[in-house]
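# Descriptive structure summary
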Amino acid sequence: MLNLLGEYEISVDAKGRFSLPSSFRKQLPDGSGDRFVINRGFENCLTLYPIETWNAISAEVDALSDFKPKNREFKRLFRNGATFVDVDSADRILVPKKLLEHANIAKDMVFTAQGNKVELWDKDTYYSYINEHKDNFSDLAEEVTGGNDKPSDS
């Protein structure tokens, strides 16, 4: 299982390409860093999935019954814009223009690893999001973990 880490400020060139950070590429298993799937994220960002992650998530989505309208809607919205992207010889990925527009990414971007995937954000949008939500981080942690008494690392 992947456990990708890191936050990198990078730029998108005039053709819509960005370079994968070298310290990120070192975290990928051998042979798995040449092809990804890029798609719209749940927030105003893009999500970059290593192929193994995409295949696992896609299988879960495929297993949802098409006889339920909400499942069909989710499948459409989830796959809307999903695109295979290859890493070129200069370690760059070309992002489809419609996806860049969706996330309002013009030049400066934040590449933030999220365990088994990566989120790509417009730099200003990302830092606004983080600043807007940082004060509730402790409450959010308690809510999503159920307030379990687990040993802490601090």
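Our subject is the structure listed above.
Every chain is numbered independently, its residues counted from 1 as its sequence is written. In view of the model being predicted, local features appear only for residues whose pLDDT reaches at least 70, and side-chain atom pairs are presented and counted only at 80 or more, with totals across whole chains, interfaces and linings using the full set of residues. Water and hydrogen atoms play no part in the side-chain values, which are based on all heavy atoms of the structure.

### Side note on the overall build of the protein
Check the secondary structure of the protein and you find six helices and eight strands. The helix and strand labels rest on DSSP assignments: H or I over at least four residues marks a helix, E over at least two residues marks a strand, and numbering proceeds from the N terminus. For the protein, the succession of helices and strands along the chain, N to C, is β-β-α-β-β-α-α-β-β-α-β-β-α-α. Projecting the C-alpha coordinates of the protein onto the three principal axes gives extents of approximately 50 × 45 × 30 Å. Buried residues in the protein amount to 34% of all 154 residues. Summarising the internal contacts of the protein: among those between residues at least 6 apart in sequence, 62% fall at separations of at least 24. Roughly 10,000 Å² of accessible area belongs to the protein as shown, and the carbon and sulfur atoms make up 50% of that amount. Exposed residues in this analysis have more than 50% of their type's maximum accessible area, buried residues have under 20%, and partly exposed residues fall in between, with area computed by a 1.4 Å probe over protein chains only. Contact criterion: two residues are considered in contact whenever any of their non-hydrogen atoms come within 4.5 Å of each other. In this description, accessible areas are obtained by the Shrake-Rupley approach with a 1.4 Å probe, and a residue is regarded as covered only by the protein chains that are shown.

### Focus: the sheet that holds strand β4 (residues 46–50)
Hydrogen bonds along the backbone pair up the strands of a sheet, which may run parallel or antiparallel. Read across the open sheet, the six strands follow the order β1-β7-β8-β4-β3-β5; overall the sheet is antiparallel. Because the sheet does not close on itself, it has two edges, and the strands there are β1 (7–11) and β5 (83–86). Mean inter-strand twist for the sheet, computed between neighbouring axes without regard to direction, equals 30°. Looking at chain direction, β1 and strand β7 (residues 108–113) are connected through five bridges and run antiparallel. Between any two strands, pairing holds if DSSP finds at least two bridges. Lines fitted to C-alpha atoms define the axes here, with helix axes fitted over just the stretch in contact, and angles between the N-to-C directions of these axes take values from 0 to 180 degrees.

### Here we look at helix α3 (residues 69–79)
Along α3, the positions that sit buried rather than exposed are Asn 71, Lys 75 and Phe 78. Projected onto a plane normal to the axis of α3, the buried residues spread over an arc of 75° and lie on a single side. Of the residues in α3, the exposed ones pointing more than 90 degrees away from the buried face are Pro 69, Lys 70, Arg 76 and Leu 77. Looking at the buried residues of α3, the elements they touch are β3 (35–40), β4 and α2 (51–62). Along the arc lie the directions from the helix axis toward the C-beta atoms.

### Section: the nonpolar core
Ranked by internal contacts, the top residues of the largest apolar core, which has 26 residues, are Phe 18, Leu 20, Phe 24, Phe 36, Leu 48, Phe 111 and Leu 120. The element that contributes the greatest number of residues to this core is β7, accounting for three residues. Every residue in contact with Leu 20, bar those within four places of it in the chain, is listed here: Arg 25, Gly 33, Phe 36, Leu 48, Val 87, Asp 91, Ile 93 and Phe 111. Here, the term nonpolar core denotes a set of buried Ala, Val, Leu, Ile, Met, Phe, Trp, Tyr and Cys residues that are joined through side-chain atoms within 4.5 Å. Listed in part, the six residues of the second largest apolar core include Tyr 49, Ile 51, Trp 54 and Val 61.

### A closer look at the pairing of β7
Most of β7 is tucked away: five of the six residues are buried. Where β7 meets strand β8 (residues 118–122), five bridges bridge the pair, whose relative direction is antiparallel. Counterpart to Met 109 in the pairing with β8 is Asp 122. Hairpin connection between β7 and β8: a loop of four residues separates the two successive antiparallel strands, and Gly 115 in this loop has a positive phi of roughly 80°.

### A look at the packing of aromatic side chains
When two rings of Phe, Tyr or Trp (its six-membered ring) have centres within 6.5 Å they constitute a pair, described as stacked for plane angles under 30 degrees, edge-to-face for angles over 60, and tilted for the intermediate range. Overall, the coordinates contain 10 aromatic pairs when judged by the stated rule. Ring geometry for Tyr 8 against Phe 111: centres 5.7 Å apart, planes inclined by 65°, an arrangement best described as edge-to-face. Of this pair, Tyr 8 sits in strand β1 while Phe 111 sits in strand β7; the two residues are 103 residues apart in sequence, bridging distant segments of the chain. Accessibility assignment for this pair places Tyr 8 and Phe 111 in one class, buried. What links up through ring pairs into an aromatic cluster is the set Tyr 8, Phe 18, Phe 24 and Phe 111.

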